[in-house]
Amino acid sequence: MTSLNSPSRTRESTDNLLEQHGCHLEDGNTVCWNDDSKDHPRNWSLFAKCYTTVVICWVELYMTGISSAGVSFILPFCTMTASLIKLKTAASNSARMEYDMSRTLGVFAFVTMYLLGQTVGGIVCSPISETFGRRTLYIVASAMFCIFSVITAAVPSSIAVYFGRFFQGLAAAVPACVAFGSIEDMWAAQIRIWVVYWYTVSGFVGLVLGPIYSSYITQVYGWRVVFYVSAIVAAISTVLSFFMKETKATQLLQTKVDAIHSKTGRDDLNGPSSSEGFSVKSFVKDSLFRPLQFLATEPIVFFCSALCAIAFGLIYGLTEGLTVSYTNPPFDNTFSETSSSLAFIAILVGILLDILPRFYDDYLFRKFRKEHRRLVPETKIRSFALACPALAIGLWIFAWTIPPRVTNVHWIVSMIGLVFVGFATADLSYVLFGYCTDSYGQYAASAVSSLSTTRTIAAAVFPLFSYQMFSGLGANIAATILAAVATLFAFTPIVFLKYGRTLRKKSKVAADDEDCLAEENKHMDNDSDGKDAEKSSENV
């Protein structure tokens, strides 16, 4: 009679449990997912994947909106012309007046502190999510954002503003850094083209709508109401996050391994390698030093970081500059300080137009798969060749169609320039983050961390001097400086398209053509298997 604890009985029990959990064994004791496992995030129902994605995009939208909203609390006491030397929006100035802040100090408190918090959060969030999963971080981030929104609004102290805005930024780093991992967990390569696009758009929509929303709320109800509303929205988002499912497949698999182990007593079963735990040593090496090393030694990372920093910093800089530009005569007949924020709608139109290159990306994906050609990172950045010149062109149009030096051109012409800027900024963010992810394979997190850090630092610094630059030099000269800088980088697509592959091959850490975009190039593996089988048949 067979013992209940016999090896054959244990193996049978293990096999049954593995089948129930949608797993199988490889190499004897390594637990792996079945391709059709319903518990794998790639195989979830469409509703589950869409719900999780929408919540992530929503959190990114409103948190980014609150980051750019800070400038509206510190609008200048008066505009640039004698006809407007009077206090036009007392509520908008109440934050600065209440805390006796200079304009620059106000920008630092409400905007820069937020972005510095996001910089710090961006460094620590990715490794934490790789160890502890992603769902918990979304819940904690939304709850933290809610709490510190209340602290910023309710505590009558400038210290509370510094403290609250920093930790709001720390919380906002979670969707900014963890979302790409969540999206990759759930969606296949071709669908990800669109999902990543809409996620990218959601962040930029928040960025451009933040100043509009906060300007009108602040004018009517006061600046504190912006944060009370933010707290309410964050509380709702916290509740919504509880209904999200964990997307990190390795963590879900490790949970199944632990369950099987507890029922069978087998301690020889191995889970995913990512379950080894959080290591301070690896965190310091991979999350702190490696991104800095990449920034200094990897030309691809350096140029991508520089371009992304300029594009993102430009948007935050324009938050200040547009107020100056559209309240100079004769534009002051149309715009007030509050309504000048509506110029961001033109940027939003450009951001939405970035959907057009994504149709081309989808076309290339289908074409290469049909023709059995290998996709490489450089294949996916062709819209980059339009975005860089568009940024420079848009800024030149804007610079010389606005007062005070140009007074005979309708304001709608300058808005056309802002449409170009919006398109370019969105495309640069989409393409550059994707290019670094595709090019650096297992080191993608470090490369992306370099981009995120430089981007948020630039966004934190630009508003500190942009108002002085636009008001001191004049809007035309200030915008011309920005246009000239953008022009210097307008030719970088040639570097990436012509020499990107060479730079990757010379790099010690970048992936080769055969190693990158493994999922997108599965058709090549199938072709290779077919050719090997054909050769084997011929030999037989």
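Residues numbered from 1 in each chain as written. Predicted model: local features only at pLDDT ≥ 70, side-chain atom pairs only at ≥ 80, totals over all residues. Heavy atoms only, no water.

*Asks:* Help me get a handle on the overall build of the chain, residues and values and all.
*Replies:* The helix and strand inventory of the chain stands at 19 helices and 2 strands. Considering the chain as a whole, with its 540 residues, one finds that 55% of them fall into the buried category. Long-range pairs, those at least 24 residues apart, make up 80% of the contacts in the chain between residues at least 6 apart in sequence. Summing over all exposed atoms, the chain offers an accessible surface of approximately 23,400 Å²; the carbon and sulfur share of this is 64%. (Helix = DSSP H or I, 4+ residues; strand = E, 2+ residues; numbered from the N terminus. Buried < 20%, exposed > 50% of the residue type's maximum accessible area, 1.4 Å probe, protein only. Contact = heavy atoms within 4.5 Å. Areas by Shrake-Rupley, 256 points an atom, 1.4 Å probe, with all protein chains shown as cover.)

*Asks:* Give me the side chain of S507: which residues, what numbers.
*Replies:* With respect to the helices, strands and loops of the structure, S507 is situated in the loop between helix 18 (492-506) and helix 19 (522-539). Take S507: its relative accessible area is 13%, and that puts it in the buried class. Side chain to side chain, S507 and E298 meet in a polar contact 2.8 Å long. Once residues within four sequence positions are removed from consideration, S507 is found in contact with E298 and Y440. (Polar contact = N/O pair within 3.5 Å; in protein donor to acceptor, adjacent residues only side chain to side chain.)

*Asks:* An account of helix 15 (residues 411-440) is needed here, citing residue identities and associated values.
*Replies:* Residues that lie three or four places apart on an α-helix share one face, since the helix turns once every 3.6 residues. Compared with the 44 Å implied by 1.5 Å per residue over 30 residues, the 44 Å span of helix 15 between its first and last C-alpha is a close match. With 22 of 30 residues buried, helix 15 lies mostly within the body of the structure. In the segment just after helix 15, G441 is the residue with positive phi, at about 50°. (Expected span 1.5 Å × (residues − 1).)

*Asks:* So what about unusual backbone geometry? Which residues, and what values?
*Replies:* Glycine aside, residues mostly have negative phi angles, and peptide bonds mostly take the trans form. A cis geometry characterises the amide bond from P329 onward to P330, with omega recorded as 5°. Along the chain, P330 falls in the loop between helix 11 (299-326) and helix 12 (344-353). Look at D100: it is not a glycine, yet its phi comes out positive at around 55°. Under the relative-accessibility criterion, D100 is labelled exposed at 71%. Here H372, not a glycine, exhibits a phi torsion of approximately 55°, which is positive. Mapped onto the elements of the fold, H372 is located in the loop between helix 13 (355-370) and helix 14 (384-399). The exposure class of H372 is partly exposed, given its relative accessible area of 45%.

*Asks:* Outline the packing of helix 7 (residues 189-221) against helix 15, listing residues and values.
*Replies:* For any two helices packed against each other, one specifies the inter-axial angle together with the distance between the axes. At their nearest, the axes of helix 7 and helix 15 sit 10 Å apart, and the two run at 130° to each other. For the element pair helix 7 / helix 15, the angle class is oblique. Considering only the axes of helix 7 and helix 15, their crossing is right-handed. Touching I193, V196, Y197, T200 and F204 of helix 7 are T425, A426, S429 and Y430, all from helix 15. Split into classes, the residues belonging to the contact of helix 7 with helix 15 amount to 6 nonpolar, 3 polar and no charged. (Axes fitted to C-alpha atoms, helices over the stretch in contact; angles between N-to-C directions. Parallel < 35°, antiparallel > 145°, perpendicular 65-115°, else oblique. Left-handed = near helix turned anticlockwise from the far one by under 90°. Nonpolar A, V, L, I, M, F, W, Y, C, P; charged D, E, K, R; others polar.)

*Asks:* So what's going on with the side chain of E246? Which residues, and what values?
*Replies:* Considering the arrangement of structural elements, one finds E246 in the loop between helix 8 (223-242) and helix 9 (249-264). A distance of 3.0 Å separates the side chain of E246 from the backbone nitrogen of R134, its partner in a polar contact. Within the structure, the side chain of E246 is placed 3.0 Å from the backbone nitrogen of R135, a separation counted as a polar contact. The contact partners of E246, leaving out residues within four places of it in the chain, are W44, G133, R134, R135, T136, Q251 and L252.

*Asks:* Can you tell me about the state of the cysteines, naming the residues and giving the values?
*Replies:* Scanning the entire structure with this criterion turns up 0 disulfides. With no disulfide partner, C32 has as its closest neighbouring cysteine sulfur the one in C23, 8.5 Å distant. Of all cysteine sulfurs in the structure, the one in C304 sits closest to C388, which takes part in no disulfide; the separation is 9.8 Å. Its relative accessible area of 3% is what places C388 among the buried residues. (Disulfide = S-S within 2.5 Å.)

*Asks:* I'd like to hear about the nonpolar core, residue by residue, with values.
*Replies:* By size, the foremost hydrophobic cluster in this structure holds 139 residues, and its most contacted members are F145, L318, Y326, F384, F398, L418 and F470. By residue number, the principal contributor to this core is helix 11, which donates 15 residues. Sequence-distant contacts of F398, defined by excluding residues within four places in its chain, comprise L318, L322, S325, Y326, S414, G417, L418, F470 and A479. (Core = buried A, V, L, I, M, F, W, Y, C linked by side-chain atoms within 4.5 Å.)

*Asks:* Which residues make up the pairing of strand 1 (residues 23-26), and what values do they have?
*Replies:* Alignment of strand 1 against strand 2 (residues 30-33), held across 4 bridges, turns out to be antiparallel. Pairing of H24 across the sheet is with C32, part of strand 2. Hairpin connection from strand 1 to strand 2: 3 residues lie between these consecutive antiparallel strands, with D27 at a positive phi of about 60°. (Pairing = 2+ DSSP bridges.)

*Asks:* Go over a nonpolar patch on the surface, please, and point to the residues and values.
*Replies:* A contiguous nonpolar patch, built from Y216, L342, I345, V349, L353, L356 and F359 and spanning about 600 Å² of accessible area, is present on the exposed surface. Contributions of two or more residues to the nonpolar patch are made by helix 12 and helix 13. For the nonpolar patch, the element with the most residues is helix 12, which contributes 3 residues. (Patch = residues over 30% accessible without salt bridge, like charges linked within 9 Å, V, L, I, M, F, W, Y side chains within 5 Å. Salt bridge = Lys/Arg side-chain N within 4 Å of Asp/Glu carboxyl O.)

*Asks:* Explain the pattern of salt bridges to me, and be specific about the residues and the numbers.
*Replies:* Evaluated as defined, the whole model comprises 12 salt bridges. R134 is paired through a salt bridge with D185; the nearest N and O atoms lie 2.7 Å apart. Of this pair, R134 sits in the loop between helix 4 (103-132) and helix 5 (135-154) while D185 sits in helix 6 (residues 158-186); the two residues are 51 residues apart in sequence, bridging distant segments of the chain. As far as the burial class goes, R134 and D185 line up, both buried. Within the structure, one salt-bridge network assembled from shared partners comprises D354, R358, D361 and D427.

*Asks:* Quick one: what's the story with the packing of aromatic side chains, residue by residue and with numbers?
*Replies:* Evaluated as defined, the whole model comprises 29 aromatic pairs. Seen from their ring centres, F110 and W223 are 5.5 Å apart, and the 85° between their planes marks the pair as edge-to-face. Of this pair, F110 sits in helix 4 while W223 is found in helix 8, placing the two residues 113 residues apart along the sequence. Exposure class is identical for F110 and W223. Each is buried. (Phe/Tyr/Trp six-rings, centres within 6.5 Å; stacked < 30°, edge-to-face > 60°.)

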